[in-house]
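Structure assessment
Spelled out, the chains give:
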Amino acid sequence: MERQVEEAYDRFVARVRSVFGIELGLYKKPQMMRRLMSLMRRRGFDDFDRFLEALIADPKLRAEFVDRVTINVSEFFRNPELWALLDREVLASLSAQPKLRLWSAACSTGEEPYTLLMLLRERRSLRGVDLLATDIDEPALEKARAARYEARSLVSVPPSFRERYFVRDGDGYRVVDELVRAVRFERHDLLRDPYPPGPFDVIVNRNVAIYFTEDGKAHLYRSLAAVLRPGGYLFVGGTEQIFSPERYGLRQVYPFIYQKQEVRP
Ligand SMILES: C[S@@+](CC[C@H](N)C(=O)[O-])C[C@H]1O[C@@H](n2cnc3c(N)ncnc32)[C@H](O)[C@@H]1O
């Protein structure tokens with residue numbers, strides 16, 4: 001990347017932080033620059049300064065910008081074999097607890113927390129289950145709350161689950177009320193906001209750390225580990241690995257599943 005463009009991007013990052021409160025500086029730079037420059041070009045801007053002025057003035061462009069920054073791709077049972085592992089090795093033993101506190105952090109349009117609830121519901125009543133699901137992107141959360149999905153997004157849902165946990169809604173499907181009522185969707189920025197107090201038994205945090213810089217990841221894992229209960233589990237994405245998890249008090253117990261260490265007396 002040309003130096004001048006990079007400097008202009010750095011100024012843009014600083015102004016986006018102060019004007020919109022979005023921390024672009026903790027997202028991987030070349031990737032984020034490419035994404036934003038392609039949006040700028042498509043909308044007829046050739047420099048970051050003019051683009052920022054337009055973002056301030058035009059709410060529609062701003063929404064498009066946030067949409068670019070927050071890659072919302074998600075699906076039910078993403079990496080089914082890993083959900084099966086979580087179910088078998090973690091949910092099976094926890095499901096006898098009368099109260100369970102869970103957090104789907106960066107839940108996008110809701111497929112992830114609903115997947116978690118379907119697996120839990122197979123094992124127990126949802127009474128006593130407190131599931132928080134958060135994302136930085138409010139329009140994604142609105143979709144999650146509406147819980148309505150196109151038929152094609154249900155392709156990885158096992159047929160028996162589709163029967164039990166979805167109802168037809170026009171040409172799509174809606175998640176049954178029992179599951180929708182069991183989750184609280186709230187806006188939360190993993191890089192800037194104070195973390196919810198916890199302690200959580202399980203945190204699912206998948207496919208968002210891949211966009212963060214090493215500093216961003218360190219902040220993320222330190223903060224997630226702090227709100228996990230000792231013995232609680234962190235489930236990460238199918239391409240993600242936490243390097244030296246012990247610096248956060250975590251230990252890898254299965255592929256893509258970490259456990260917070262019990263505090264020694
Ligand atoms: C690729 S999706 C992953 C969704 C889901 N966890 C999954 O694995 O299918 C990434 C999500 O991270 C959210 N996100 C990006 N930056 C974030 C931040 N700083 N705080 C919270 N969520 C963020 C995006 O809005 C998007 O919904």
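Here the structure is a predicted model, which is why all the values come from computation and not from measurement.

Points about the layout of surface pockets
If you add up the space inside the largest pocket, you get close to 220 Å³. What lines the largest pocket is a set of 13 residues, and nearest its centre among them are I22, R62, V66, I136 and D137. It is helix 4 (residues 59-69) that contributes the most residues to the lining of the largest pocket, 5 residues altogether. Across the lining of the largest pocket, the residue classes break down as 7 nonpolar, 1 polar and 5 charged. Of the residues that make up the lining of the largest pocket, three or more belong to each of domain 1 (3-69) and domain 2 (80-260).

Quick notes on the pattern of salt bridges
Within the structure shown, the criterion is met by 23 salt bridges. Salt-bridge contacts for E6 lead to K29; the nearest nitrogen and oxygen are separated by 3.0 Å. Note that E6 is positioned in helix 1 (residues 3-20) and K29 in helix 2 (residues 29-42), a separation of 23 residues in sequence. In this structure E6 comes out as partly exposed when scored by relative accessible area, which is 29%.

Section: the site of the ligand
Around the ligand there are 21 residues in total, and Y27, S74, R78, E112 and D135 lie nearest to it. The side chain of D135 places a nitrogen or oxygen atom 2.6 Å from an oxygen atom of the ligand. Within the contact set of the ligand, an oxygen atom lies 2.8 Å away from a side-chain nitrogen or oxygen of N207. Burial of the ligand by the protein chains amounts to 99% of its free accessible area of 600 Å². Judged by the proximity of its atoms to the pocket grid, the ligand belongs to the largest cavity. The class makeup of the residues in the shell around the ligand is 9 nonpolar, 6 polar and 6 charged.

Definitions and limits used
Residues numbered from 1 in each chain as written. Predicted model: local features only at pLDDT ≥ 70, side-chain atom pairs only at ≥ 80, totals over all residues. Heavy atoms only, no water. 1 Å grid on protein atoms, 1.4 Å probe; cavity = no way out; pocket = protein on both sides within 12 Å on 5 of 7 lines; lining within 4 Å. Points joined across faces, edges and corners; volume = space filled by probe spheres on them. Helix = DSSP H or I, 4+ residues; strand = E, 2+ residues; numbered from the N terminus. Nonpolar A, V, L, I, M, F, W, Y, C, P; charged D, E, K, R; others polar. Domains from an automatic or database assignment. Salt bridge = Lys/Arg side-chain N within 4 Å of Asp/Glu carboxyl O. Buried < 20%, exposed > 50% of the residue type's maximum accessible area, 1.4 Å probe, protein only. Near = heavy atom within 4 Å. Polar contact = N/O pair within 3.5 Å; in protein donor to acceptor, adjacent residues only side chain to side chain. Areas by Shrake-Rupley, 256 points an atom, 1.4 Å probe, with all protein chains shown as cover. Sits in = over half its atoms within 2 Å of the grid points.

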